[in-house]
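Here's the letter readout for the chains.
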Amino acid sequence: MKVRIIPEKCIACGLCQTYSALFDYDDEGIVVLANTDAKECPITPDDSDTITAVKSCPTKALTIL
Ligand code: SF4
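Where an unreviewed UniProt entry is consulted, the protein chain appears under the name Ferredoxin, with the organism given as Streptococcus hyointestinalis. Note on the protein chain: under the UniProt heading Cofactor (unreviewed entry), the record states "[4Fe-4S] cluster".

Structure follows, in structure tokens:
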């Protein structure tokens, strides 16, 4: 199970980080993954905070693979 960010769809609303510290932002407020330049990273099925963040993103800039 992985989470993928799609920065092109991000509108810099700042919501995802309120749910999960996995998400961070660049200087313009666009989503990045904390501690990595990658666009996706593994998550565990019980990582409900990250799953909630993905479901809450208003532009579907976050997705679960
Ligand atoms: S919730 Fe979605 S649109 Fe808002 S900052 Fe996060 S990735 Fe961007």
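**Description of the overall build of the protein chain**
Counting its secondary structure elements, the protein chain contains two helices and five strands. Traced from its N-terminal end to its C-terminal end, the protein chain shows the element sequence β-α-β-β-β-α-β. Computed over its C-alpha atoms, the radius of gyration of the protein chain comes to 10 Å, within 12% of the 11 Å expected for a compact globule of 65 residues. Judged by the C-alpha coordinates and their principal axes, the protein chain covers about 30 × 20 × 15 Å. Across the 65 residues that make up the protein chain, the buried fraction comes to 32%. Within the protein chain, counting contacts between residues at least 6 apart in sequence, those at least 24 apart form 59% of the total. Charge-centre separation for the protein chain: the mean point of 6 positive side chains lies 11 Å from the mean point of 10 negative side chains.

**Overview of the side chain of threonine 50**
Counting through the fold element by element, threonine 50 comes out in helix 2 (residues 48–56). In this structure threonine 50 comes out as buried when scored by relative accessible area, which is 0%. Among the polar contacts listed, one links the side chain of threonine 50 to the side chain of serine 20, at a separation of 2.9 Å. Once residues lying within four places of it in the same chain are set aside, the contact partners of threonine 50 are Val3, Ser20, Leu22, Phe23 and Ile43.

What counts as what
Residues numbered from 1 in each chain as written. Predicted model: local features only at pLDDT ≥ 70, side-chain atom pairs only at ≥ 80, totals over all residues. Heavy atoms only, no water. UniProt positions renumbered as here; feature names shortened; annotations may be inferred. Helix = DSSP H or I, 4+ residues; strand = E, 2+ residues; numbered from the N terminus. Rg over C-alpha atoms; globule rule 2.2 N^0.38 Å. Buried < 20%, exposed > 50% of the residue type's maximum accessible area, 1.4 Å probe, protein only. Contact = heavy atoms within 4.5 Å. Lys, Arg positive; Asp, Glu negative; His and termini not counted. Charge placed at Lys NZ, Arg CZ, Asp CG, Glu CD. Polar contact = N/O pair within 3.5 Å; in protein donor to acceptor, adjacent residues only side chain to side chain.

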